[in-house]
Amino acid sequence: MSTNNLSYNEQGGGAEPAVELGQESTPTASGSTAAAGLFSTDFKKNEDLKEMLESNKESLKLEAMKRIVGLIAKGKNASELFPAVVKNVASKNIELKKLVYVYLVRYAEEQQDLALLSISTFQRALKDPNQLIRASALRVLSSIRVPIIVPIMMLAIKEAATDLSPYVRKTAAHAIQKLYSLDPEQKEHLIEVIDKLLKDKSTLVAGSVVMAFEEVCPDRIDLIHKNYRKLCNLLVDVEEWGQVVIITMLTRYARTQFLSPWREDALFDENSEKAFYDSDVEKEKADSKPYMMDPDHRLLLRNTKPLLQSRNTAVVMAVAQLYWHLAPKQEVSIVTKSLVRLLRSHREVQYIVLQNIATMSIQRKGMFEPFLKSFYVRSTDATHIKTLKLEILTNLATEANISTILREFQTYVKSQDKQFAATTIQAIGRCATNISEITDTCLNGLVLLLSNRDETVVAECVVVIKKLLQTQPSQHSDIIKHMAKLLDNITVPMARASILWLIGEYCERVPKIAPDVLRKVAKSFTSEEDIVKLQTLNLAAKLYLTNSKQTKLLTQYILNLGKYDQNYDIRDRTRFLRQLIVPNEKSGALSKYAKRILLASKPAPVLESAFKDRDRFQLGTLSHTLNAKASGYLELSDWPTVAPDQSVRNVEVKEWAPSLGKPKATKSDDKFYSDSGEEEEQEEEASESGSSGSSSSSSEEESSSGSGGRTSCRLCCLLSPVFVPPKSHELLHRMSGKGLAVSYHFPRQPCAYSHRMVSVQLTLTNGRDQPLEDICVGEAGPPGIAIHRFATIERLQPEASITVSMGIDFNDSTQAANFQLCTKTDQFSVSIQPAVGELLMPVTMTEQDFLKEQGQLTGMNESSVTITIAPDSMSSQPVGRKVVSVANMGVVPSSQNSIHRFAAKTVSSGSLVLSSVVLQEASTAKLVVNTEKTVLGSVLLRELKTALSQG
Amino acid sequence: MIHSLFLVNSSGDIFLEKHWKSVVSRSVCDYFFEAQERASEPENVPPVIPTPHHYLISVLRHRIYFVAVIQSEVPPLFVIEFLHRVVDTFQDYFGVCTEAAIKDNVVVVYELLEEMLDNGFPLATESNILKELIKPPTILRTVVNTITGSTNVGEQLPTGQLSVVPWRRTGVKYTNNEAYFDVVEEIDAIIDKSGSTITAEIQGVIDACVKLSGMPDLTLSFMNPRLLDDVSFHPCVRFKRWEAERILSFIPPDGNFRLLSYHVSSQNLVAIPVYVKHNITFREGSSQGRFELTLGPKQTMGKAVESVLVSSQLPRGVLNVNLNPSQGTYTFDPVTKLLSWDVGKINPQKLPSLKGSMSLQAGASKPDENPTINIQFKIQQMAISGLKVNRLDMYGEKYKPFKGIKYMTKAGKFQVRT
């Protein structure tokens with residue numbers, strides 16, 4: 001380590017004198033020294049670059065900067081141009097400016113004083129109306145590693161964190177890490193900013209801020225609690241790289257916050273695994289157990305699952321490791337297919353994925369067994385890929401598939417890549433020890449291979465056979481004899497040593513051959529490798545103990561040779577053995593036990609996978625790949641034994657309750673990406689460029705009034721004595737539905753799937769005597785209407801009924817939504833005709849606002865009628881009740897008793913709908929509806945009229 | 001995350017370096033060169049190399065090593081995937097990704113790398129966004145720029161960067177609105193000595209070239225979506241819609257992109273479109289070997305098998321070959337021992353064959369294993385799995401686009417063991 005370090009510094013330092021020389025010679029210009037001569041070509045070039053930079057022509061400057069960037073790219077030193085370059089930092093030409101930024105970031109650390117000259121330019125740019133310029137100014141400012149400007153950076157980050165543009169906020173998140181690495185003392189302040197940015201709802205920011213969190217304060221898990229659900233819900237919309245970071249972080253989080261879903265499963269071991277591999281019975285059993293998964297835990301698993309389909313291999317791997325570390329055992333196998341898919345990708349991707357599969361396959365054979373053939377080796381694979389595939393095949397070997405695997409191995413053994421052939425032999429050895437049925441077959445096959453021409457193959461065979469024989473030495477003296485013969489030809493030290501050890505260990509089984517072998521190696525002792533010498537000594541000692549008559553002299557001879565060997569290990573061993581086996585007066589009590597020491601029966605070696613304990617590292621990490629802790633690796637904690645408080649994740653505004661579900665949070669559930677998020681962000685952008693005044697603030701108003709409206713709706717629904725009972729409509733009659741009856745009603749809750757949808761609840765009842773299966777929504781139309789389907793109902797028992805909810809975007813029209821209800825056997829076309837009042841969402845506002853809005857919606861947008869009101873409706877309560885029962889509107893407080901005002905928004909487009917009832921003399925009233933949606937307005941007017949005129 | 005990037009060519013020179021944090025001396029690459037020396041083939045360099053202070057993660061594409069320097073824990077796939085994305089971007093910008101192209105466009109490369117990573121964390125990797133920030137170099141634009149003094153660098157933040165459809169730029173306009181989809185399937189197979197299939201799989205992709213104005217919303221449906229067993233999507237595809245209806249619904253990026261890659265479920269038997277008859281023998285003691293190879297079509301549904309290329313790595317003992325192809329040409333490299341035979345189209349009436357003898361090193365022993373034969377081929381107008389696109393519809397825009405769908409089957413990793 002230290003030597004490397006040194007050479008590093010030397011090389012790094014080596015460049016510096018050169019730089020200094022270059023600088024020195026610049027002012028004097030007449031550098032006649034040898035050193036100046038060396039650099040003269042470079043220096044001349046730089047001189048003309050300097051001239052170009054100082055010229056007035058933009059194009060010349062740009063040309064010069066391009067050449068300088070070329071120098072930087074080649075790793076050449078261009079630092080002496082710093083003063084000339086830094087002048088151009090305020091250039092109007094954006095490309096020139098960017099190139100200057102590149103230069104600055106590269107050399108500012110070396111030229112701190114001069115770099116300070118540029119700071120004011122960035123400070124100005126931070127206030128630029130163009131968000132791209134603001135962002136890039138912050139990027140460069142934070143990349144200049146000059147400690148003096150830390151306070152300026154801090155200020156800039158704090159400001160940018162509250163910028164209107166999410167892009168600038170994202171840049172701020174990146175800047176946090178840069179500042180932290182420059183000055184770790186700012187940690188506390190930075191954590192504040194991280195905390196603020198974690199609350200950000202933009203998908204653009206999420207990934208970057210979590211990255212900053214991981215770098216600066218990964219232990220501050222408490223900052224995540226409140227944002228956990230939001231992060232889960234945003235996940236699909238975050239850009240790919242952010243997804244990886246968030247998933248990794250949430251894996252760690254979940255391990256500290258949720259109870260282990262594996263506890264009950266701990267009973268199942270490898271053998272029973274096949275049984276619960278995609279078997280429903282087992283799942284049900286698991287469900288019925290007392291362990292209840294935290295809904296937040298489930299939320300994470302559910303929201304990450306679609307990402308297995310990502311095109312980004314890192315995302316797929318991240319989800320796979322999340323499932324591996326967090327999901328109940330029986331659910332992990334859903335990641336298999338996706339991982340196998342990744343094997344089609346580039347060589348480097350394969351390498352990492354195979355490593356992870358190797359680790360997984362040790363514990364969970366069942367997961368990958370169906371894909372056995374995907375791990376077959378191709379002759380074109382790179383060596384490390386081949387080795388990993390072999391590893392996996394070996395891990396997957398069972399009694400059932402071993403014959404296929406062995407047949408495949410036979411092809412590999414013949415491979416031209418001898419190293420690979422040798423690795424295959426090791427693999428065969430492992431299979432043979434793990435599956436006792438095939439040990440003999442393997443052994444015979446390996447013995448046949450001993451006649452192979454290639455030495456590496458033979459040597460590997462010998463080593464593996466040695467290990468195999470150790471497991472069952474009884475009947476194999478033939479093989480030992482065969483191997484003794486081989487000793488004449490084999491030169492690979494490891495193999496020779498193995499043979500010698502074998503003969504020594506089982507010398508009693510081959511009493512005739514063993515002394516002869518010893519004689520042969522005694523002759524060649526001096527020219528052997530150390531490892532062979534040690535085994536020769538061993539063999540000699542063992543034979544001396546069992547057959548001293550024949551081998552006494554030989555042993556003495558070998559011990560004498562060993563005594564004067566160059567290697568101290570061998571001299572040590574010789575001395576030790578001599579004392580142990582040759583009894584003399586000095587030798588202690590130990591020599592009595594010599595036989596028991598040397599010829600003790602040794603336990604057979606266990607052939608284990610190299611990936612055996614890799615699972616101590618989180619899968620997919622660098623540490624796992626290296627099988628060593630990389631710097632900055634964050635341990636995955638064990639599951640807590642007692643469930644931590646679940647309520648910490650509750651957010652004040654209960655985001656999760658469906659009745660109050662915030663559109664932003666739930667939107668992502670509905671589509672893979674949400675088109676509507678775009679608008680909001682674009683709005684923000686528009687407001688920035690100043691084109692449309694305060695549209696972003698108006699959007700905020702909108703959302704706040706929206707939520708307020710919902711509260712009022714809740715008030716009138718729940719607190720008011722005139723509760724509106726849900727009116728149920730028939731969708732499918734029992735007769736026409738062949739036993740399936742369906743009715744629907746509008747629960748008047750904001751739809752959980754999209755804020756543009758009206759939520760509809762269907763109640764399905766099975767009137768047949770057989771269960772109905774696979775009920776789902778089939779084709780839907782007409783085109784303008786979007787439907788969020790309910791999840792397929794797998795089974796509906798006879799006489800049972802189930803309520804499901806779906807979302808329909810009626811597009812603010814009363815056009816019916818047609819769709820097909822499919823069961824396993826039939827299809828029924830049905831349609832839902834919305835009542836106009838259900839297309840609304842109640843809002844509330846002050847009386848003044850109401851009047852103002854009403855004033856703007858006149859003319860075409862206003863429709864009115866004078867009606868006769870049933871006498872009992874003359875008081876305020878019944879009017880309110882009747883209106884609310886027809887239309888989902890909110891009551892606007894009114895200062896006059898005779899005027900009732902109601903306000904709502906259309907669900908799909910969010911246009912305001914206002915209605916007022918002015919009670920007049922003699923049971924008449926004037927009913928007014930104001931809305932941009934004139935058609936909708938007139939229909940609403942008609943319906944309100946009917947409702948109010950009835951008694 | 002990613003500290004620095006070094007580009008190393010096949011002769012081991014660092015020809016470009018870029019640092020996102022403080023500068024890492026290029027001597028760190030010595031560890032890489034060490035590993036490179038140890039590896040027998042360029043492909044055998046391990047993708048992850050630990051050094052005392054850093055970790056090197058590299059990918060090899062177009063005979064250039066892209067070596068990223070990492071200082072602390074990061075998912076290795078994250079880096080690998082990013083590096084491949086960099087290569088793809090270069091290819092997209094310069095047409096080819098070679099040392100010469102990179103050196104010629106070093107400024108654009110630098111600008112790109114600057115935009116793609118901020119402090120080592122990916123910032124903009126979508127080609128549509130990058131192209132708005134930095135215009136790809138064309139001859140015309142270079143000329144115009146030199147005259148007018150305008151630049152290749154965009155001044156506004158690309159709108160895509162902020163929207164939830166970051167892959168599409170706004171304000172796209174074409175006079176001819178076209179959308180082309182290529183369904184390309186590859187067969188991966190290992191065929192054993194006797195001609196029976198050991199393993200065969202079909203992997204497919206749908207590559208699209210969409211040149212449509214405005215914000216079109218496309219849906220594409222299949223006649224037989226059940227064939228698709230495992231899929232991965234471009235981020236533009238709405239996953240829920242696929243889950244529920246097996247319809248691909250998406251707002252496409254502008255230009256070329258890969259819409260979908262899929263794997264055909266392994267239950268279906270894979271039709272193998274070609275067969276190989278071979279007789280390759282080495283006799284013990286003799287310095288001659290026989291080589292006979294005949295190709296023929298099989299299960300091609302009447303379509304012609306084209307662009308057939310056979311290659312094989314002959315054993316080291318083979319000195320030279322003397323072969324006689326019935327059609328096409330063959331080459332043999334005596335150094336690498338690589339035999340390749342460019343067959344062209346297979347004529348079912350007159351099957352192509354390659355026959356002759358191999359001369360072996362005198363006295364060398366007979367190779368244990370016969371060489372593996374790799375085959376490449378193409379079949380036009382057919383997707384071997386039988387996948388068919390049902391219809392393609394466009395919503396959201398008024399014009400009528402021109403739509404086209406093309407099918408093709410290719411050999412992937414198609415190996416015949418002999």
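Quantities reported herein were computed from a predicted structural model and do not represent experimental measurements.

K.L.:
How do you make sense of the overall build of chain A when you look at a structure like this?
P.N.:
When helices and strands are tallied, chain A shows 40 helices and 15 strands. Per-residue burial over chain A gives 55% buried out of 951 residues. Counting every atom, chain A has about 41800 Å² of accessible surface; 52% of that belongs to carbon and sulfur.

K.L.:
Sorry, what's going on with the overall build of chain B here?
P.N.:
A count of helical and extended segments in chain B gives eight helices and 23 strands. The buried share of chain B, taken over its 418 residues, is 58%. Total accessible area computed for chain B in this model is approximately 17000 Å², and 49% of it derives from carbon and sulfur atoms. A gap of 8 Å separates the mean positions of the 43 positive and 43 negative side-chain charges of chain B.

K.L.:
Honestly, the packing of helix α26 (residues 455–471) of chain A against helix α27 (residues 477–486) of chain A in this entry has me stumped. Any pointers?
P.N.:
In helix packing, the relevant descriptors are the interaxial angle and the interaxial distance, both defined with respect to the helix axes. All names here are of chain A. Two numbers describe how α26 lies on α27: the axes approach to 12 Å, and their chain directions differ by 155°. The angle between the axes of α26 and α27 places the two elements in the roughly antiparallel class. Like other packed secondary-structure pairs, α26 and α27 cross with a definite hand, here left-handed. Only I479, I480 and M483 of α27 make contact with α26, whose side of the interface consists of V462, I465 and L469. A class-by-class count of the residues in the contact of α26 with α27 yields six nonpolar, no polar and no charged.

K.L.:
What's the story with the environment of H346(A) in this structure? I'm lost.
P.N.:
Structurally, the position occupied by H346(A) is in the loop between α19 (336–342) and α20 (347–363). For H346(A), a relative accessible area of 31% translates into the label partly exposed. Apart from the residues lying within four places of it in its own chain, the contact partners of H346(A) are R61(B) and H84(B).

K.L.:
How should I be thinking about helix α28 (residues 493–505) of chain A in this particular structure?
P.N.:
Within an α-helix, residues lying three or four positions from one another point in the same direction, as the helix has 3.6 residues per turn. All names here are of chain A. Between its first and last C-alpha, α28 extends 18 Å over 13 residues, near the 18 Å set by a 1.5 Å rise per residue. In terms of residue burial, α28 counts as a mostly covered element, since eleven of its 13 residues are buried. Along α28, the positions that sit buried rather than exposed are A495, R496, A497, S498, I499, L500, W501, L502, I503, G504 and E505. Tucked inside the fold, the buried residues of α28 contact α26, α27, α29 (513–524) and α30 (530–546).

K.L.:
Is there a simple way to think about the domain arrangement of chain B in this case?
P.N.:
Accessible area lost during the coming together of the parts is what is often quoted as the interface size. As assigned here, chain B comprises domain 1 (2–148), domain 2 (178–270 + 384–416) and domain 3 (274–380). Each of domain 1 of chain B and domain 3 of chain B has a C-alpha centre, and the two are 38 Å apart.

K.L.:
Any chance you could explain α26(A) here in plain terms?
P.N.:
In this model α26(A) runs 25 Å from its N-terminal to its C-terminal C-alpha over 17 residues, within 8% of the 24 Å that 1.5 Å per residue would give. Of all the 17 residues making up α26(A), 13 are buried; the element is thus mostly covered by neighbouring parts of the structure.

K.L.:
In this structure, what is going on with the sheet that holds strand β4 (residues 772–781) of chain A? I would like to understand it.
P.N.:
Sheets are built from strands paired through backbone hydrogen bonds, the pairs being either parallel or antiparallel. All names here are of chain A. Strand order in this open sheet of four strands is β6-β4-β8-β9, and the pairing throughout is antiparallel. On the outer flanks of this sheet lie β6 (793–796) and β9 (827–832), each paired with one strand and no other. Along the sheet, successive strands turn relative to each other by an average axial angle of 35°, direction set aside. Examined bridge by bridge, β4 and β6 share three bridges and lie antiparallel to one another. Within β6, the position partnered with I775 by the bridge is I793.

K.L.:
When you look at the interface of chain B and chain A in this model, what are you seeing that I'm missing?
P.N.:
Tallying the contact residues gives 112 residues for chain B and 103 residues for chain A. Across the chain B to chain A interface the summed buried area is about 9900 Å²; carbon plus sulfur atoms make up 56%. At the junction of chain B and chain A, the tally comes to twelve salt bridges. Among the ionic pairs, R341(A) bridges to D230(B), the shortest N-O distance being 3.1 Å. Connecting chain B to chain A are 42 residue pairs in polar contact (both at pLDDT 80 or more). Among the elements that take part in the side of chain B that touches chain A, helix α2 (residues 76–94) of chain B stands out by supplying eight residues, more than any other. Tallied by class, residues from the side of chain B that touches chain A come to 53 nonpolar, 29 polar and 30 charged.

K.L.:
Help me understand the side chain of S221(B), please; the structure alone is not making it clear to me.
P.N.:
Of note, S221(B) is situated in strand β10 (residues 217–222). With residues up to four places along the chain from it excluded, the contact list for S221(B) reads I247(B), V389(B), N390(B) and R391(B).

K.L.:
When you look at the sheet that holds strand β3 (residues 48–50) of chain B in this model, what are you seeing that I'm missing?
P.N.:
Residues and elements named next belong to chain B. Pairing within the open sheet is antiparallel, and its five strands lie in the order β2-β1-β5-β4-β3. Unpaired on one side and paired on the other, β2 (14–19) and β3 mark the two borders of the sheet. Direction aside, neighbouring strands of the sheet carry axes that sit 20° apart on average. Pairing of strand β1 (residues 2–8) with β2, which is carried by five bridges, proceeds in the antiparallel orientation.

K.L.:
How do you make sense of the pattern of salt bridges when you look at a structure like this?
P.N.:
Where charged atoms from two side chains of opposite charge come close, those side chains can pair. Scanning all chains against the criterion turns up 51 salt bridges over all chains. The salt bridge partner of E240(A) is R311(A), with a shortest N-O separation of 3.2 Å. One end of the pair, E240(A), is in helix α14 (residues 240–257); the other, R311(A), is in the loop between α17 (295–304) and α18 (313–326), with 71 residues separating them in the sequence. Note on E240(A): relative accessible area 8%, which makes it buried. The partner of E528(A) in a salt bridge is R496(A), with the nearest N and O atoms 2.8 Å apart. Here the residue E528(A) occupies a position in the loop between α29 and α30, and R496(A) occupies one in helix α28, the gap between them amounting to 32 residues. Accessibility classification places E528(A) together with R496(A) in one group, the buried group. Shared partners join several salt bridges into a network, and the residues in it are K98(A), R139(A), K178(A), K18(B), E114(B), E115(B) and D118(B).

K.L.:
Teacher, can you tell me more about a nonpolar patch on the surface here?
P.N.:
Taken together, the side chains of L590(A), Y593(A) and I597(A) make up a nonpolar region of the molecular surface, amounting to roughly 290 Å² of accessible area. Mapped onto the secondary structure, L590(A) falls in the loop between α32 (568–581) and α33 (594–598).

K.L.:
Is there a simple way to think about the side chain of T906(A) in this case?
P.N.:
All names here are of chain A. Summarising the element assignment, T906 is placed in strand β13 (residues 899–906). T906 sits in the buried class, given a relative accessible area of 0%. Excluding anything up to four places from it in sequence, T906 contacts D812, L839, L840, S911, V913, K933 and L936.

K.L.:
Hey, could you run me through the environment of D454(A) in this one?
P.N.:
Structurally, D454(A) is set in the loop between α25 (439–449) and α26. Relative accessible area serves as the criterion here: at 22%, D454(A) is assigned to the partly exposed category.

K.L.:
Would you mind showing me how to read empty space enclosed by the protein here?
P.N.:
Here the idea is plain: a probe the size of a water molecule rolls over the atoms and shows the empty space left. For the structure shown, the criterion picks out 13 cavities of 30 Å³ or more. Approximately 250 Å³ is the volume found for the second largest cavity. In this structure, the second largest cavity is lined by 20 residues; those nearest its centre are V340(A), L343(A), R344(A), S374(A) and E201(B). Contributions of two or more residues to the lining of the second largest cavity are made by α19 of chain A together with β9 (197–211) and β11 (228–233) of chain B. Here the lining of the second largest cavity is composed, by residue class, of three nonpolar, five polar and twelve charged.

K.L.:
So what exactly am I meant to see when it comes to unusual backbone geometry here?
P.N.:
A negative phi angle is the norm for most residues apart from glycine, just as the trans form is the norm for most peptide bonds. Residues and elements named next belong to chain B. Phi is positive for R246, close to 60°, though the residue is something other than glycine. Relative to the elements of secondary structure, R246 occurs in the loop between α8 (239–245) and β12 (247–250). Taking the relative accessible area as the measure of exposure, R246 reaches 32% and is therefore partly exposed. In this model, S307 sits at a positive phi of 45°, which is unusual for a non-glycine residue. Positionally, S307 belongs in strand β16 (residues 305–313). Given the relative accessible area of 40%, S307 is considered partly exposed.

Cut-offs used in this document
- Residues numbered from 1 in each chain as written.
- Chains lettered and ligands numbered in written order.
- Predicted model: local features only at pLDDT ≥ 70, side-chain atom pairs only at ≥ 80, totals over all residues.
- Heavy atoms only, no water.
- Helix = DSSP H or I, 4+ residues; strand = E, 2+ residues; numbered from the N terminus.
- Buried < 20%, exposed > 50% of the residue type's maximum accessible area, 1.4 Å probe, protein only.
- Areas by Shrake-Rupley, 256 points an atom, 1.4 Å probe, with all protein chains shown as cover.
- Lys, Arg positive; Asp, Glu negative; His and termini not counted.
- Charge placed at Lys NZ, Arg CZ, Asp CG, Glu CD.
- Axes fitted to C-alpha atoms, helices over the stretch in contact; angles between N-to-C directions.
- Parallel < 35°, antiparallel > 145°, perpendicular 65-115°, else oblique.
- Left-handed = near helix turned anticlockwise from the far one by under 90°.
- Contact = heavy atoms within 4.5 Å.
- Nonpolar A, V, L, I, M, F, W, Y, C, P; charged D, E, K, R; others polar.
- Expected span 1.5 Å × (residues − 1).
- Domains from an automatic or database assignment.
- Pairing = 2+ DSSP bridges.
- Buried area = accessible area lost by both parts, 1.4 Å probe.
- Salt bridge = Lys/Arg side-chain N within 4 Å of Asp/Glu carboxyl O.
- Polar contact = N/O pair within 3.5 Å; in protein donor to acceptor, adjacent residues only side chain to side chain.
- Patch = residues over 30% accessible without salt bridge, like charges linked within 9 Å, V, L, I, M, F, W, Y side chains within 5 Å.
- 1 Å grid on protein atoms, 1.4 Å probe; cavity = no way out; pocket = protein on both sides within 12 Å on 5 of 7 lines; lining within 4 Å.
- Points joined across faces, edges and corners; volume = space filled by probe spheres on them.

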